[in-house]
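Working through the structure, step by step
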Amino acid sequence: MAHKPTAFSDLVAMAPGDAPLKKALITGITGQDGSYLTEFLLKKGYEVHGIIRRSSNFNTQRLEHIYIDPHNSSARMKLHYGDLSDASSLRKWVDTICPDEVYNLGAQSHVGVSFENPDYTADVVATGALRLLEAVRIHVQSTGRQVKYYQAGSSEMYGATPPPQDETTVFHPRSPYAVAKVAAHFYTVNYREAYGLFACNGILFNHESPRRGENFVTRKITRAIGRIKIGLQKKLFLGNLKASRDWGFAGDYVEGMWLMLQQEKPDDYVLATESSYTVEEFLEEAFGYVGLNWRDHVEIDPRYFRPSEVDNLRGSAQKARERLGWQPKVNFKQLVAMMVDGDLERAKREKVLVDNGYIDSHQQP
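Calculation notes
- Residues numbered from 1 in each chain as written.
- Predicted model: local features only at pLDDT ≥ 70, side-chain atom pairs only at ≥ 80, totals over all residues.
- Heavy atoms only, no water.
- Helix = DSSP H or I, 4+ residues; strand = E, 2+ residues; numbered from the N terminus.
- Rg over C-alpha atoms; globule rule 2.2 N^0.38 Å.
- Buried < 20%, exposed > 50% of the residue type's maximum accessible area, 1.4 Å probe, protein only.
- Contact = heavy atoms within 4.5 Å.
- Pairing = 2+ DSSP bridges.
- Right-handed = clockwise from strand over helix to strand, strands pointing away.
- Axes fitted to C-alpha atoms, helices over the stretch in contact; angles between N-to-C directions.
- Parallel < 35°, antiparallel > 145°, perpendicular 65-115°, else oblique.
- Left-handed = near helix turned anticlockwise from the far one by under 90°.
- Nonpolar A, V, L, I, M, F, W, Y, C, P; charged D, E, K, R; others polar.
- Expected span 1.5 Å × (residues − 1).
- Core = buried A, V, L, I, M, F, W, Y, C linked by side-chain atoms within 4.5 Å.
- Salt bridge = Lys/Arg side-chain N within 4 Å of Asp/Glu carboxyl O.
- Polar contact = N/O pair within 3.5 Å; in protein donor to acceptor, adjacent residues only side chain to side chain.

1. Concerning the overall build of the chain
The secondary structure content of the chain amounts to 11 helices and 13 strands. For 365 residues, the compact-globule estimate of 2.2 N^0.38 gives 21 Å, and the C-alpha radius of gyration of the chain, at 21 Å, lies within 12% of that figure. When its C-alpha atoms are laid out on the principal axes, the chain stretches across 60 × 50 × 40 Å. Considering the chain as a whole, with its 365 residues, one finds that 52% of them fall into the buried category. Sequence separation of at least 24 residues holds for 80% of the intrachain contacts in the chain that already meet a minimum separation of 6.

The following block contains the structure:
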């Protein structure tokens, strides 16, 4: 099942005339979830503002297909420099933009990297959420406006707690990333209870797509499959193949984020497919989709094992189904096919560059 990208001409056509636009502010707008959420909100007629970090390299590739120059009067997506580690920039943009909804998706979101950079992970993921909540609180207090806040939680917060996991399941985080997410979760609960903020936690189980970062295991697998099939790569090195995850499609999950903020009262919700598969089963499905045997290409590298592993994550989304009317549309097989198809096309384009001497084909094993 191929996922049809949104054309920006469609988004312009969906502008709601002279009606006042709702404004959304998104941290992490350049990431996988941020790009899908931006598409979704633009279709809904929102004006979308994103906070991006200054970088010497462009990091907006996931937004290029919907980007319109801000000098164009039809532009409804606008990007601003800021950082979750910089409280003053968060306060400035909340006060300047006056958003109706704030979606905190920004994070150092790689579990393995969080073991190597724990201080940075805690600062951005946990304290970053606190800084943004405080900016929203002060804005609401000083203006009297209602601003709805969404905090991106993670199934990693459950860690060692056995499945199925729902909103009442005890957290037992197993990585610096997961610990930081637990802190952000409870900061959000605290600001809801202490200050009356409309603040929701979305506890999202693994959600993937062709836009997933290439250092996440699902994209690492499908990226390698494309290159192996085209002849650019022979081996794929992985760690724990027995870890089991509840994998869904990111495009489905951003609708759930939005639905949480459309309710009368703020609350916390799990979004999940309620089915889990091991990394080995993902390999079987993905390699089999292109007629390959994963055992001919995959090798285990101990460096990819983590100091503490999470064995099995499988969510129960009953509350979201009953109260939000949300349920995933893309199943596991469709998700895998979508990702492999996307990376096969990327590999074909890469092959052209290799054949013409623009890049070295030996950069991968």
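From this point, the discussion proceeds with the structure in view.
2. Things to note about the pairing of strand β5 (residues 148–154)
Summarising burial for β5: seven of the seven residues are buried, a large majority. Relative to β5, strand β4 (residues 101–104) runs parallel, the two sharing four bridges. Across the sheet, residue Asn104 finds its bridge partner in β5, namely Gln151. Across seven bridges, β5 lies against strand β6 (residues 198–204) in parallel orientation. By the bridge assignment for β6, Ala152 is matched with Gly202. A crossover connection joins β5 to the parallel β6 through helix α6 (residues 176–195); in handedness this β-α-β unit is right-handed.

3. Describing the packing of helix α7 (residues 217–230) against helix α11 (residues 332–355)
It is the contact of α7 with α11, at a shortest axis distance of 8 Å, that shows an interaxial angle of 50 degrees. With respect to α11, the element α7 is oriented oblique. Taken as a pair, α7 and α11 cross one another with a handedness that is right-handed. From α7, Thr218, Arg219, Thr222, Arg223, Ile225, Gly226, Arg227, Lys229 and Ile230 reach across to α11, where they touch Met339, Val340, Asp343, Leu344, Arg346, Ala347, Lys348, Glu350 and Lys351. Here the contact of α7 with α11 is composed, by residue class, of six nonpolar, three polar and nine charged.

4. Regarding the sheet that holds strand β2 (residues 47–52)
What links the strands of a sheet is backbone hydrogen bonding, and the strands pair in either a parallel or an antiparallel sense. Across the sheet, seven strands lie side by side as β3-β2-β1-β4-β5-β6-β11; this open sheet has parallel pairing. With partners counted over all chains shown, the strands left at the sheet margins are β3 (77–81) and β11 (268–271), one partner each. Recorded for the sheet is a direction-independent mean angle of 20 degrees between the axes of neighbouring strands. When β6 meets β11, the two strands line up parallel, connected through four bridges. Within β11, the position partnered with Leu204 by the bridge is Leu271. Together, β1 (23–27), β4 and β5 form the strand contacts of helix α5 (residues 118–143), whose direction differs from that of β5 by roughly 170 degrees.

5. Points about α5
In this model, α5 (26 residues) spans 36 Å end to end at C-alpha, consistent with the 38 Å of a helix rising 1.5 Å per residue. The positive-phi residue at the C-terminal boundary of α5 is Gly144, with phi of around 80 degrees.

6. Here we look at unusual backbone geometry
Of the consecutive residues Pro163 and Pro164, the connecting peptide bond is found in the cis state with omega at 0 degrees. Considering the arrangement of structural elements, one finds Pro164 in the loop between β5 and α6. Residues other than glycine seldom take positive phi values, yet Cys98 does so here, at roughly 50 degrees. Along the chain, Cys98 falls in the loop between α3 (87–97) and β4. What makes Cys98 partly exposed here is its relative accessible area of 27%.

7. Description of the nonpolar core
Leu41, Tyr103, Tyr150, Ile221, Leu283 and Phe287 are the most contacted members of the largest nonpolar core, which has 61 residues in total. Among residues more than four places away in sequence, those in contact with Tyr103 are Ala24, Leu25, Ile26, Thr27, Leu37, Leu41, Tyr150, Met257, Trp258, Leu261 and Gln262. One finds Leu90, Ile97, Val124 and Ala184 within the second-largest nonpolar core, a separate group that totals 20 residues.

8. Describing the pattern of salt bridges
Pairing is possible between side chains of opposite charge, provided their charged atoms come close. Applying the stated criterion across every chain yields a total of 27 salt bridges. Across the pair Asp95 and Arg91 runs a salt bridge, and its minimum N-O distance is 2.8 Å. Residue Asp95 and its partner Arg91 are both found in helix α3; the two are separated by four residues, about one turn of the helix. Exposure remark for Asp95: the relative accessible area of 28% places this residue in the partly exposed category.

9. Quick look at the environment of Ser85
Mapped onto the fold, Ser85 is located in the loop between β3 and α3. Expressed as a C-alpha distance, the spacing of Ser85 and Val217, which sit 132 residues apart in the sequence, is 27 Å. A polar contact of 2.8 Å, which involves the side chain of Ser85, links it to the side chain of Asp83.

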